[in-house]
Amino acid sequence: MEQKEGFISARVQRSFPLHTTFTPKFLGLPQNILRAGNASNYGEGVIIGMIDSGIKYDHPSFSDKGMPPPPARWRGRCDFNGKQTCNNKLIGARSFVSTARGIDLPWEEAYHGSHTSGIAAGCPVEGANVFGQANGTATGIAPRAHVAMYKACAVSCYDGDLLAAIDAAIDDGVDLLSISIGPESPFPFYYDVIALGAFRAIQKGIFVSCSAGNDGPYPSTVTNDAPWILTVGASTIDREIRATVKLGNNVELHGQSLFQPKDFHPRQPLPIVHPAAISNNESAAVCEKGSLKNIDVKGKIVICHMGQLRIEDKGKEVKDNGGAAMIVFNEQDDGYTTLGPSTQSRGILKPDIVGPGLNILSAWGVSIDEATNPFNVISGTSMSCPHLSGVAALIKSAHPDWSPAAIKSAILTTAYTADLNGNPISMFDRGSGHVHTLRALNPGLVYDIEPDDYIPYLCGLGYSEQQVRYIVQRKVNCSTPTLIPGAQLNYPTFSMVLGAGDQMTYTRTVTNVGRPFSTYISKVLSPQGVAVKVMPSVIRFKDLNDKASYTVTFTRLENVTRSSIIGQGSLVWNSIGDDGYKVVSTIAVVFV
């Protein structure tokens with residue numbers, strides 16, 4: 001095949017895993033969205049392409065009541081059979097999953113695609129809840145945006161199907177791609193179909209948001225880390241669906257549970273049984289089917305380890321053996337915290353951003369509580385990714401001429417870096433920080449990157465010309481452009497490795513998207529053990545879309561005691577006057 005004209009590459013097919021009533025309010029939406037002085041209008045006119053596991057087309061989250069028709073540029077189609085049709089909300093649905101019967105329908109199978117689509121752009125649905133919990137009006141972040149589903153996954157996702165789905169979405173005319181899927185471990189960009197498909201998307205001006213994976217808190221586990229992708233980690237929100245256990249010594253332990261029956265009020269304290277403590281059988285520890293039949297659990301509260309078994313199956317085993325209640329606990333490392341840095345490019349800080357990803361309520365394919373309109377609450381970066389896709393849709397609607405890199409810059413430079421209690425969040429957990437939707441709509445300055453700007457960066461990674469060609473889809477000459485390290489890319493953050501006596505200088509160019517006749521002054525919070533110098537320290541703009549460049553020199557200081565092998569800081573450009581723009585670039589340093 002390699003000898004045939006037009007051949008680019010071939011590889012063994014791999015499989016990829018699939019990685020709300022409250023979060024819009026948590027993000028300052030939707031009641032405040034129209035106060036930001038912009039035309040975002042809830043994402044109207046924007047088409048979000050969801051690369052996922054299909055969709056429940058008749059769910060009320062995808063009703064088109066009050067929705068305008070799709071833009072004239074839309075070229076997609078709806079591949080449901082018979083009376084199953086799309087509408088002005090769900091404007092397209094295609095499948096790329098092969099079965100024994102041929103190509104499957106885009107109907108939901110894994111109950112993942114409906115959930116992510118509802119988060120990104122679901123219509124408002126009143127009375128959404130699960131077992132009465134998290135009750136309220138469920139709405140997507142961009143409820144006026146259109147949705148197009150590209151089914152690339154059933155139980156697993158194969159890279160050939162993923163690439164075909166991404167290519168189809170690009171050709172159909174989507175504005176954004178939301179991909180809550182990723183490899184189990186990072187691949188070089190030329191060998192990663194999501195990175196390859198995403199590059200073709202940004203060449204067409206299409207923004208791409210991807211989940212960062214759920215393999216934290218171990219270091220360097222972030223996936224989907226190409227710099228042309230918005231890589232999204234997961235954060236908590238300030239809502240708990242709390243369930244409390246009171247022990248015999250009056251100590252109270254707080255957990256969370258959707259299932260809290262009102263008729264569960266035992267008159268006396270119940271005994272607790274921990275199968276893992278009385279049996280060497282691992283299946284009993286996780287309460288697998290049939291594992292508790294020889295353990296006395298009748299009338300007791302059973303402690304089950306999380307493991308890989310579904311909580312519903314654990315509960316059935318406890319109930320079938322007469323247990324009165326169940327407590328499930330995770331290992332400490334099983335939280336949904338995602339780390340970087342990127343293993344493919346140390347000069348790029350990943351994840352880029354974090355958004356709500358823990359206990360998120362959204363549309364579901366089947367009812368788990370006999371509700372007419374099914375919803376479910378699940379967690380992971382699969383949930384945080386469509387939150388950011390929705391935010392990007394709001395920005396795209398307000399600024400339709402902005403490039404994917406400009407939209408990403410607006411999100412990253414306006415993020416906040418402390419939790420709601422004011423405590424700082426580690427940069428390798430949060431990237432630039434937690435998304436601040438309203439500020440992202442009006443960032444003041446943006447760091448833009450053209451697709452061809454990535455070529456010297458890719459050559460600088462040590463890729464061969466053929467490998468770079470796989471990504472950019474044309475011949476390149478790595479000896480022609482000046483090779484640049486990752487940290488020299490015009491990225492909204494700074495990430496570097498500093499050895500003893502090292503000094504590094506990087507250039508950045510910003511574009512004025514705030515006000516004409518504006519002035520910005522730099523302010524630096526230097527990482528411990530690093531001197532940072534910005535030249536010039538003041539930049540001025542006469543008109544909108546004017547550009548200004550500056551350099552930053554990082555020098556490792558000698559004989560400075562550090563508390564960590566990493567350092568973090570920030571460079572902030574503050575506008576003078578009433579605008580109040582604050583354009584923040586995170587600085588991440590690894591000391592060697």
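All of these numbers come straight from a predicted model, not from anything done at the bench.

### Description of the overall build of the protein
In step 1: The number of helices and strands found in the protein is 13 helices and 29 strands.
In step 2: Here the protein holds 592 residues, and the buried ones make up 53% of them.
In step 3: With the model as given, the accessible surface of the protein reaches about 25,800 Å², and the carbon-plus-sulfur share is 50%.

### Quick word on the UniProt feature "active site" (unreviewed entry) in the protein
In step 1: As annotated in UniProt, the feature "active site" (unreviewed entry) corresponds to Asp52, His112 and Ser382 in the numbering used here. On the basis of their most widely separated C-alpha atoms, the annotated residues across 331 residues gather in one place, lying no more than 10.0 Å apart.
In step 2: Relative to the helices and strands, Asp52 resides in strand 2 (residues 47-52).
In step 3: Asp52 gets classed as buried once you look at its relative accessible area, which sits at 0%.
In step 4: Only 3.2 Å separates the side chain of Asp52 from the backbone nitrogen of Gly113, close enough to count as a polar contact.
In step 5: Along the chain, Ser382 turns up in helix 8 (residues 381-398).
In step 6: We classify Ser382 as buried; its relative accessible area is 0%.

### Some thoughts on helix 7 (residues 311-320)
In step 1: Listed in full, the buried residues belonging to helix 7 are Lys314, Glu317 and Val318. Buried residues along helix 7 cover an arc of 100° about the axis, so they all sit on one side. Turned more than 90 degrees away from the buried face of helix 7 sit Lys316, Lys319 and Asp320, all of them exposed.
In step 2: Where helix 7 is buried, its residues touch strand 16 (301-305) and strand 17 (325-329).
In step 3: A positive backbone phi angle near 90° is found at Gly322, which sits one or two residues after helix 7.

### Looking at helix 3 (residues 159-172)
In step 1: Over its 14 residues, helix 3 runs 20 Å from end to end, which matches the ideal 20 Å to within 8%, given 1.5 Å per residue.
In step 2: Within helix 3, the full set of buried residues consists of Asp159, Asp161, Leu162, Ala165, Ile166, Ala168, Ala169, Ile170 and Asp172.
In step 3: With its phi angle positive at about 100°, Gly173 sits one or two positions after the end of helix 3.

### What to know about the pairing of strand 14 (residues 252-256)
In step 1: By the bridge criterion, 5 bridges tie strand 13 (residues 242-246) to strand 14 in an arrangement that is antiparallel. Residue pairing in the sheet places Val245 in a bridge with Leu253 of strand 14.

### Description of the pattern of salt bridges
In step 1: For the coordinates displayed, the defined rule picks out 14 salt bridges.
In step 2: Where Lys316 meets Asp320, a salt bridge forms, and the shortest distance between an N and an O atom there is 2.9 Å. Placement of the pair is Lys316 and Asp320 together in helix 7, with a separation of 4 residues, close to one helical turn. The pair formed by Lys316 and Asp320 is uniform in burial state, with each residue classed as exposed.
In step 3: Lys350 serves as the salt-bridge partner of Asp352, at 2.7 Å between the closest nitrogen and oxygen.
In step 4: According to the relative accessible area criterion, Lys350 is buried, its value standing at 0%.
In step 5: Through salt bridges that share partners, Asp167, Asp171 and Arg200 make up one connected network.

Conventions and cut-offs
Residues numbered from 1 in each chain as written. Predicted model: local features only at pLDDT ≥ 70, side-chain atom pairs only at ≥ 80, totals over all residues. Heavy atoms only, no water. Helix = DSSP H or I, 4+ residues; strand = E, 2+ residues; numbered from the N terminus. Buried < 20%, exposed > 50% of the residue type's maximum accessible area, 1.4 Å probe, protein only. Areas by Shrake-Rupley, 256 points an atom, 1.4 Å probe, with all protein chains shown as cover. UniProt positions renumbered as here; feature names shortened; annotations may be inferred. Polar contact = N/O pair within 3.5 Å; in protein donor to acceptor, adjacent residues only side chain to side chain. Arc of directions from axis to C-beta. Contact = heavy atoms within 4.5 Å. Expected span 1.5 Å × (residues − 1). Pairing = 2+ DSSP bridges. Salt bridge = Lys/Arg side-chain N within 4 Å of Asp/Glu carboxyl O.

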